[in-house]
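Read off the chains here:
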Amino acid sequence: QPRRTRLSLNRFENASDPLCEMTMRTNSLHSSSWVDERTASLTLQSAMFNAEVEHYIWVEVSFQFTRGGYVSQVLDVRALPSSLYANSLYFVPDAIWATLIL
């Protein structure tokens, strides 16, 4: 019976990590039974903040492993502005709507 493995990284990863360190991390996941021959899927998630454009970024990479050896990948990237309103005038329609409801 294939099992689903979900691994969430809750810290910022340094994009300049050398390939050998990533290989060591992968081997560590395998040796601690996070990933083995029966793993059906692996999902990596990360939330980041880009201060330059003031957006939160959600990145999710999913790998699906089939019995035939095929690996399918899905990349999901979502951006959300850090401020609810781009400027204070955008608040006016919401305030009018809230007043009409009350």
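For the structure, check the block above.
Notes on the structure in this doc start here. (Residues numbered from 1 in each chain as written. Predicted model: local features only at pLDDT ≥ 70, side-chain atom pairs only at ≥ 80, totals over all residues. Heavy atoms only, no water.)

Of the pairings in the sheet, the one linking strand 2 (residues 39-50) to strand 3 (residues 55-65) comprises ten bridges and is antiparallel in character. The residue bridging F49 from the neighbouring strand is Y56, located in strand 3. In this structure, the hairpin formed by strand 2 and strand 3 is closed by a connection of four residues, where E54 is found at a positive phi of approximately 55 degrees. (Pairing = 2+ DSSP bridges. Helix = DSSP H or I, 4+ residues; strand = E, 2+ residues; numbered from the N terminus.)

Let's shift gears to unusual backbone geometry. Phi is positive for E54, which is not a glycine, with a value near 55 degrees. With respect to the helices and strands, E54 occurs in the loop between strand 2 and strand 3. Since its relative accessible area comes to 48%, E54 is described here as partly exposed. (Buried < 20%, exposed > 50% of the residue type's maximum accessible area, 1.4 Å probe, protein only.)

Attention shifts here to the pattern of salt bridges. Under the criterion given, the structure shown has two salt bridges. A salt bridge links R38 to D36, with the shortest nitrogen-to-oxygen separation between them at 4.0 Å. Residues D76 and R78 are paired through a salt bridge, measuring 3.1 Å at the closest nitrogen-oxygen approach. (Salt bridge = Lys/Arg side-chain N within 4 Å of Asp/Glu carboxyl O.)

What follows is about the pairing of strand 3. Regular strands have side chains that alternate between both faces of the sheet. As defined by bridge partners, strand 3 adjoins strand 4 (residues 71-81) across eleven bridges and the pair is classed as antiparallel. Pairing of H55 across the sheet is with P81, part of strand 4. Adjacent in sequence and paired antiparallel, strand 3 and strand 4 are bridged by five residues, among which G69 carries a positive phi angle near 100 degrees.

Bringing a nonpolar patch on the surface into the picture now. Nonpolar side chains collect at one region of the surface, where L89, V92, I96 and L100 lie side by side and expose about 430 Å² of accessible area between them. Turning to its location among the elements, L89 is positioned in the loop between strand 4 and helix 2 (91-101). Residue classification places L89 among the exposed residues on the basis of a relative accessible area of 63%. (Patch = residues over 30% accessible without salt bridge, like charges linked within 9 Å, V, L, I, M, F, W, Y side chains within 5 Å. Areas by Shrake-Rupley, 256 points an atom, 1.4 Å probe, with all protein chains shown as cover.)

Before going further, it helps to spend a moment on the packing of aromatic side chains. Going through the model one piece at a time under the given rule, you end up with one aromatic pair. Summarising the aromatic geometry, the rings of F49 and Y56 are spaced 4.8 Å apart at their centres and angled 50 degrees between planes, so their arrangement reads as tilted. According to the relative accessible area criterion, F49 is partly exposed, its value standing at 39%. Here Y56 falls in the partly exposed class, since its relative accessible area comes to 44%. (Phe/Tyr/Trp six-rings, centres within 6.5 Å; stacked < 30°, edge-to-face > 60°.)

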